[in-house]
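Commentary on secondary and tertiary structure
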Amino acid sequence: MRVSVLGLGYVGCVSAACLASMGHEVIGVDVNQVKVDLVNDGKAPVVEERIGELIAEVVRTGALRATRDVREAITGSEVSLVCVGTPSEPNGSLCTTYLERVTEQIGAALADRSGRSGRHTVVFRSTMLPGTCLNLLVPILEKSVGGTAGVDIGVAVNPEFLREGTSVRDFFDPPKTVIGELDPASGDTARALYDGLPGEVFRVPIPTAEAIKYADNAFHGLKIGFANELGAVCQALGVDSHQVMDVFLADRKLNISPAYLRPGFAFGGSCLPKDLRSLVHAAQRADVSVPILAHVLPSNADHLQRAVDLVERTGKRRVGLFGLSFKPGTDDLRESPLVELAEMLFGKGYDLRIHDANVSLSRLLGANREYIETRLPHLAQLLADSVEQVLEHAEVCLVGTRDPAVLSALPHGGPVIVDLIRLPDAEARRAEPGYMGLAW
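Residues numbered from 1 in each chain as written. Predicted model: local features only at pLDDT ≥ 70, side-chain atom pairs only at ≥ 80, totals over all residues. Heavy atoms only, no water.

1. Things to note about the packing of aromatic side chains
Summed over all chains, the structure comprises three aromatic pairs. Aromatic side chains Phe226 and Phe248 sit 5.9 Å apart centroid to centroid with 40° between the ring planes, which places their arrangement in the tilted category. With a gap of 22 residues between them, Phe226 in helix H9 (residues 206–236) and Phe248 in helix H10 (residues 241–250) connect regions that are remote in the sequence. Using a relative accessible area of 26% as the deciding quantity, one classes Phe248 as partly exposed. Each member of the aromatic cluster is reached from another via a ring pair, and the members are Phe171, Phe172 and Tyr194. Sitting over the face of the ring of Phe161, Lys176 holds its NZ or CZ atom 4.2 Å from the ring centroid. (Phe/Tyr/Trp six-rings, centres within 6.5 Å; stacked < 30°, edge-to-face > 60°. Helix = DSSP H or I, 4+ residues; strand = E, 2+ residues; numbered from the N terminus. Buried < 20%, exposed > 50% of the residue type's maximum accessible area, 1.4 Å probe, protein only. Lys NZ or Arg CZ within 6 Å of the ring centre and 35° of its normal.)

Following this line, the structure appears as structure tokens:
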């Protein structure tokens, strides 16, 4: 295809050179004349492994050239790849100035383009927050062009996953390719740019594509911070942190896996809270600052509070809670977030009924019984023997269990459902009035 790449920084420069090497006819655009001249001379405007020889080759064959003229580039292409910067403002917010400016320029060029042969597709590769494309850039584009996105103009979001230092290698061997498409034809065009590259391709709604980049980078930062904090604690305690992490990383069932990475309810139980508290306390005694680890439990408490806030938002007072134990299929109530949720709702004066098929006061023994008598001494009057008793009582039902008896009995269009676990039919229920997902 004939492709214009707007912005010749790291992402734009690498994308332009790699796409040209794949057989596309590419014209790069940048406001900086020095960058334009360097590219046209067959030289890389950035320092990066393999990029110098790659640009020299594609410029020599005529597959890549550069200009400062946006109109020239748009007129000579069928796809525009927007790679301009989105730096942080002083307050930490996202600066969209360059995105807005280049979108206006693209729109103006498309409006003036004569003898157009087919629909032009604008593919945004710049990192931007969910909602930026649809709520900010598409209206600018439509106003400038005088047409409708998804009909007269194609629009897609295609986040990049290129690491500086290995970006050329990452381009040709990507971890994944994400296409946020306004319509299928826009997605088809964006997808065709990468034909022949390995890795799974995900075609998703535009806001999802925008969010994926932030999910990736936030998690990468979290992983680095976690490893460094744990390393500092290990050093203070006389432990080889790399030896610890070698074993940690070898666990592909729980540690390096999808385990625990689905949004759901707060964690609890007899291990995670206790061990986090112990580790943070040990770090404090050793004068080691661990702000990430120290804020895991407060973050968990905030997530539990979100459930309470959803109930309060309904304005209703009769509440049913399905699930009480820390883990399904057990009667373990120790530090169960559902027990804490029940305690908070009861303390706020809600008329509460609870059903958990595995929890019976007469069967609770030892630490379980002691814990519940301390945290929720009125449990006997709150427990219901059946799912139906809770449904008959409740104006609001909090679902914290996947017990088949509960799932099959939950009505549609009945009481307000506050979903703490993402029900199997959550997608269908989201369209119903009265359904509230905790984090989805």
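2. A few points about the pairing of strand S11 (residues 396–399)
Going residue by residue along S11, you find Val396 and Leu398 tucked away on one face and Cys397 and Val399 tucked away on the opposite face as well. Judged from the four bridges that link them, strand S9 (residues 318–322) and S11 form a sheet pairing that is parallel. Residue Leu321 lies in a different strand from S11, and its bridge partner there is Leu398. Both S11 and strand S12 (residues 416–419) contribute to a ladder of four bridges, which runs parallel. Looking at S12, one finds that Leu398 is bridged to Val418. One crossover worth recording links S11 to the parallel S12 by way of helix H18 (residues 404–409), and it is right-handed. (Pairing = 2+ DSSP bridges. Right-handed = clockwise from strand over helix to strand, strands pointing away.)

3. Remarks on the pattern of salt bridges
Scanning the model with the defined rule gives 20 salt bridges in all. Two residues, Arg2 and Glu78, come together in a salt bridge whose shortest N-O distance is 3.8 Å. Of this pair, Arg2 sits in strand S1 (residues 2–6) while Glu78 sits in the loop between helix H4 (70–75) and strand S4 (79–82); the two residues are 76 residues apart in sequence, bridging distant segments of the chain. Arg2 gets classed as partly exposed once you look at its relative accessible area, which sits at 28%. Assessed through its relative accessible area of 29%, Glu78 is described here as partly exposed. (Salt bridge = Lys/Arg side-chain N within 4 Å of Asp/Glu carboxyl O.)

4. Remarks on the sheet that holds strand S7 (residues 177–181)
Taken together, the eight strands give an open sheet; going across it, the order is S3-S2-S1-S4-S5-S6-S7-S8, and neighbouring strands pair in mixed fashion. The sheet is open, and its two borders are formed by strand S3 (64–67) and strand S8 (201–204), each paired with just one other strand. Looking at each pair of strands side by side, their axes are set apart by 25° on average, direction ignored. Of the strand pairs in this sheet, S4 and strand S5 (residues 121–124) are connected by four bridges, and their pairing is parallel. Paired with Ser80 across the strands is Val122, a residue of S5. Running over the sheet, helix H6 (residues 132–145) touches S5 and strand S6 (154–157) and is turned about 150° from S6. (Axes fitted to C-alpha atoms, helices over the stretch in contact; angles between N-to-C directions. Contact = heavy atoms within 4.5 Å.)

5. Remarks on the sheet that holds S11
Taking strand neighbours across the sheet as the criterion, the five strands line up as S10-S9-S11-S12-S13 in an open arrangement whose pairing is parallel. Each having just a single partner strand, strand S10 (351–355) and strand S13 (435–437) make up the two edges of the open sheet. Direction aside, neighbouring strands of the sheet carry axes that sit 20° apart on average. Examined bridge by bridge, S12 and S13 share three bridges and lie parallel to one another. Within S13, the position partnered with Val418 by the bridge is Met436. Running over the sheet, helix H14 (residues 337–347) touches S9, S10 and S11 and is turned about 170° from S9.

6. Brief notes about empty space enclosed by the protein
Counted according to the given criterion, the structure contains three cavities of 30 Å³ or more. The calculated volume of the largest cavity comes to roughly 110 Å³. Around the largest cavity sit 15 residues that line it, and Arg125, Pro174, Lys176, Thr177 and Tyr194 are the ones nearest its centre. Contributing elements (two or more residues each) for the lining of the largest cavity: helix H7 (167–172) and S7. (1 Å grid on protein atoms, 1.4 Å probe; cavity = no way out; pocket = protein on both sides within 12 Å on 5 of 7 lines; lining within 4 Å. Points joined across faces, edges and corners; volume = space filled by probe spheres on them.)

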